[in-house]
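Examination of the molecular architecture
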Amino acid sequence: MAGKFVGNMMICVVVVTVSMIVGTTMAVPAAKPPCSFGFNKTDNWWSRFGNNHHPINKTQQEAKTIMVGGSQHWQFGYNYSDWAIKNAPFYLNDTLAFKYEAPNATNPFQHSVYLFPNFWSFKNCDIKKAKRVAKPTQGGGDGFKLVLNKWQPYYFACGEKNGIHCNQGLMKFAVFPMIHSSFWPTSPP
C-alpha cells in the first residue's frame, strides 16, 4: 500500500495479487468522516459501513460454510491446493469446515489443522513455525470450523507426522478471502 497526503485526505493505492490483480484507488480521510470528496451527497456512501468497517448492504451475499475437500473431507493423498483453486473464490466471513475422523481402532491415522504465518513456512511445510488450530480429535461431527474473518492470505496444512502429511500427502492449501463486490460503491466518485 502506498499513500500520499493531499490537504486533509490521504490518497491510497492498494494492489492485491491472488490469481488476479485488482487495483483500487480510494480517498481516505485523515481525521474525520468525509464531508465530500466527489461522492453524490445524497448517496451517503460512508453510511454503508458498520462500526467494524464491514458493509451493511442488504444485497450483499451471505457468508457460506464450505466443507474443505467437499465429499473427500480432510484426508491424506487428496490434492487440496487443486480443490481450493476449483472452489474459489472464498469471501471474507466464509467459514471453512475441516471434517476428519478421529483416530480409533479402525482408523489409526491422525489429522490436524495448522495455520502457517507466511508463504515460505507454508511452501516448506515448516510445522515448527505454524500454529495448530485443530487437534486430531476436533474433526468429528460437522468438523472443525474456522471463519475467514481477516482480509489476508490463510495457509493451511495437516501437521501430523512432523509435516509428512503436508509434504507428501498433499494436505495443504492457501486461500485469500475476497471482499464482496457490494463493499465498493456502485457509482464512481
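Residues numbered from 1 in each chain as written. Predicted model: local features only at pLDDT ≥ 70, side-chain atom pairs only at ≥ 80, totals over all residues. Heavy atoms only, no water.

Turning to the pattern of salt bridges, a few remarks are in order. Two side chains that carry opposite charge are able to pair once their charged atoms sit near each other. Across all of its chains, the model carries two salt bridges by this definition. Two residues, Lys86 and Asp82, come together in a salt bridge whose shortest N-O distance is 3.0 Å. In this pair, Lys86 and Asp82 both sit in helix H1 (residues 80-87), four residues apart, roughly one turn of the helix. Among the residues examined, Asp82 registers a relative accessible area of 32% and is labelled partly exposed. The salt bridge partner of Lys129 is Asp126, with a shortest N-O separation of 3.9 Å. The exposure class of Asp126 is partly exposed, given its relative accessible area of 24%. (Salt bridge = Lys/Arg side-chain N within 4 Å of Asp/Glu carboxyl O. Helix = DSSP H or I, 4+ residues; strand = E, 2+ residues; numbered from the N terminus. Buried < 20%, exposed > 50% of the residue type's maximum accessible area, 1.4 Å probe, protein only.)

With that out of the way, let us pick up the state of the cysteines. Inspection of every chain in the model, using the stated rule, returns one disulfide. Put simply, Cys125 and Cys166 are joined by a disulfide, and their sulfur atoms are 2.0 Å apart. With the S-S bond torsion at -75°, the cross-link from Cys125 to Cys166 turns out left-handed. Highlighted residues: Cys125 in the loop between helix H2 (119-123) and strand E7 (131-134) and Cys166 in helix H3 (residues 164-167), separated in sequence by 41 residues. Assigned by exposure class, Cys125 and Cys166 land together as buried. Of the cysteine sulfurs around Cys158, a residue in no disulfide, the closest is that of Cys166, at 8.4 Å. Of the residues examined, Cys158 reaches a relative accessible area of 0% and is grouped as buried. (Disulfide = S-S within 2.5 Å.)

Everything listed is a geometric property; what it means functionally is a separate question.
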